[in-house]
Amino acid sequence: MIKNLSLNDCTQENIIEHLKNTEKLLKTVATKLSKEEKDAKIYVMPDLGIAQNATRMLGGFYTGACYTWDTDVPFIPVDATVNVCGTAIYKLNKSISNEEFINRLNNILNDRKSYLDFANKHLPLEVLKTIDINDASKYYWNYTNGNHFIIFAESDGEYGLEKGQYMIVHASAIEFKKDNLEFGLYPVKGNWYYDDIKTEYDEDSKRYLRYITGEKAKRFYDIATYLKDFNKIRNSYFCKAVLGDLLQKEVINISHYGMPTNNSICIGSQWEQLDYALLTAPGNAIYLVHPKLNLNNTFALDNINITLTPHGCGVKMNNSADKIEYLDKNTLKVGNNIFSLGNSVNIGIDVSVRTNGMNEEELDTYILNILKQCPGTVYGKLKQRYAKTKSGDFEFIKEN
């Protein structure tokens, strides 16, 4: 059953139709493995949208949803491309110029020693023994890859958040992705579970679900569980390295991508009952929210109480008439663009960030609509001064 907490725009309505097949496939696999009727349920969030990773969508998984299933035999759908991603925010103890922040940031990003110090201190020895951490092409501070970013922002005290400057980061642990074949969670050829992947096909919808079972699934979940803390430590270490003696306090450090339980995966949705950041669009304000426990999005999952909240506003198709179409088992069409396994969607060109181009009043209204679906109280608003992303450096508030 689809639990629909989306805003039901054209992109979301189209995705939900495809998620019905994802849910059907999850239920089919769970029933087949358990040898009795089992169920699956997908919780669709207000930011449901296009994923950057085409492999994920070909497997039936989109950003802004929580995927759950009931089973007696452990299994994990691998095309959810599980890693653990999250957002961290730290307050500075005094105001500095954009130039000083950029200099501090670049000093750490360009300092190989800072990364190696982190990796050698925080990666388990069993992991370090299986990867070449000195290979700078594979293991590094990946804060400007994909949809990751680093933002320097400020609060003027609106909604009660303390005035001052803040550093915001969004990233996942590159140490456990495609280049780590012994512990990485991405479904790449040659990794520790790749030869054990099974596939359930649905010829009518041209869809499939790839999954692993049993002890491999248990090990997968154990690694995903470890990553919940590891990625928070990683983000914290990086921010502290950049800010140094300017660091005042941690404001938010929360995951929005990972496995809340052994039978669930969140993609672009927080599950911890903690304050969180609602990410918007380049240059737009970022909202800090205190979630309210509500029957809409708070429930027990595998005996754990969770509250699902959106991590942002999401990505939509460029035109309201655009559709998502599964052409065959390896090809997907989004609007006028065709993607295959391993391809990436170019956000901002192939598809659009929902709130891009909104003025402040429009954005405030949009955030209120999100919070009607997933209740919470805005307690802070951070205006972006500067951002470093895959697409480059952007200065939104310049010095006088």
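These numbers come from a predicted model, not from an experiment.

K.L.:
Which residues make up the pairing of strand β15 (residues 298–301), and what values go with them?
P.N.:
Here β15 shows a clear split, with Phe-299 and Leu-301 buried on one side and none of Thr-298 and Ala-300 buried on the other. When β15 meets strand β16 (residues 304–307), the two strands line up antiparallel, connected through four bridges. Within β16, the residue paired with Leu-301 across the bridge is Ile-304. The antiparallel pairing of β15 with β16 creates a hairpin that spans two residues between the two strands, and Asp-302 there sits at a positive phi of about 50 degrees.

K.L.:
Before we move on, could you go through the sheet that holds strand β19 (residues 324–328) and cite the residues and values that matter?
P.N.:
Strand pairing in a sheet relies on backbone hydrogen bonds. The paired strands run either parallel or antiparallel. Reading across from one edge, β19-β20-β21 is the order of the three strands in this open sheet, with antiparallel pairing throughout. The open sheet is flanked by β19 and β21 (337–340), the only strands paired with a single partner. Sheet twist, expressed as the mean angle between neighbouring strand axes with direction ignored, is 25 degrees. Of the pairings in the sheet, the one linking strand β20 (residues 331–334) to β21 comprises four bridges and is antiparallel in character. Paired with Thr-331 across the strands is Ser-340, a residue of β21.

K.L.:
Lay out helix α4 (residues 112–122) in plain terms, naming residues and giving numbers.
P.N.:
Those residues of α4 not exposed but buried are Ser-114, Tyr-115, Leu-116, Phe-118 and Ala-119. Where α4 is buried, its residues meet α3 (98–109), α5 (125–128) and α6 (214–243). Measuring from the backbone nitrogen of Lys-113 back to the side-chain oxygen at the start of α4 gives 3.1 Å, which picks out Asp-111 as the cap.

The rules behind the values
- Each chain has its residues counted from 1, following the order in which its sequence is written.
- Predicted model: local features are reported for residues with pLDDT of at least 70 only, side-chain atom pairs are reported and counted for 80 or more only, and whole-chain, interface and lining totals are derived from all residues.
- Each side-chain value is derived from all of the structure's non-hydrogen atoms; neither hydrogens nor water enter the calculation.
- Residue exposure (1.4 Å probe, protein chains only): buried if accessible area is under 20% of the type maximum, exposed if over 50%, otherwise partly exposed.
- Under the scheme used here, helices are H or I runs from DSSP no shorter than 4 residues and strands are E runs no shorter than 2 residues, and both carry numbers assigned from the N terminus.
- DSSP bridges decide pairing: two strands pair if at least two such bridges lie between them.
- All axes here are fitted lines through C-alpha atoms, helices being fitted over the stretch that makes contact, and every angle between N-to-C directions spans 0 to 180 degrees.
- Between two residues, a contact is recorded if the distance between any of their heavy atoms is within 4.5 Å.
- Each polar contact in these results corresponds to two N or O atoms within 3.5 Å; when the atoms are within protein, one needs to be able to donate a hydrogen and the other to accept it, and residues that are neighboring in sequence are counted only if both atoms are side-chain atoms.

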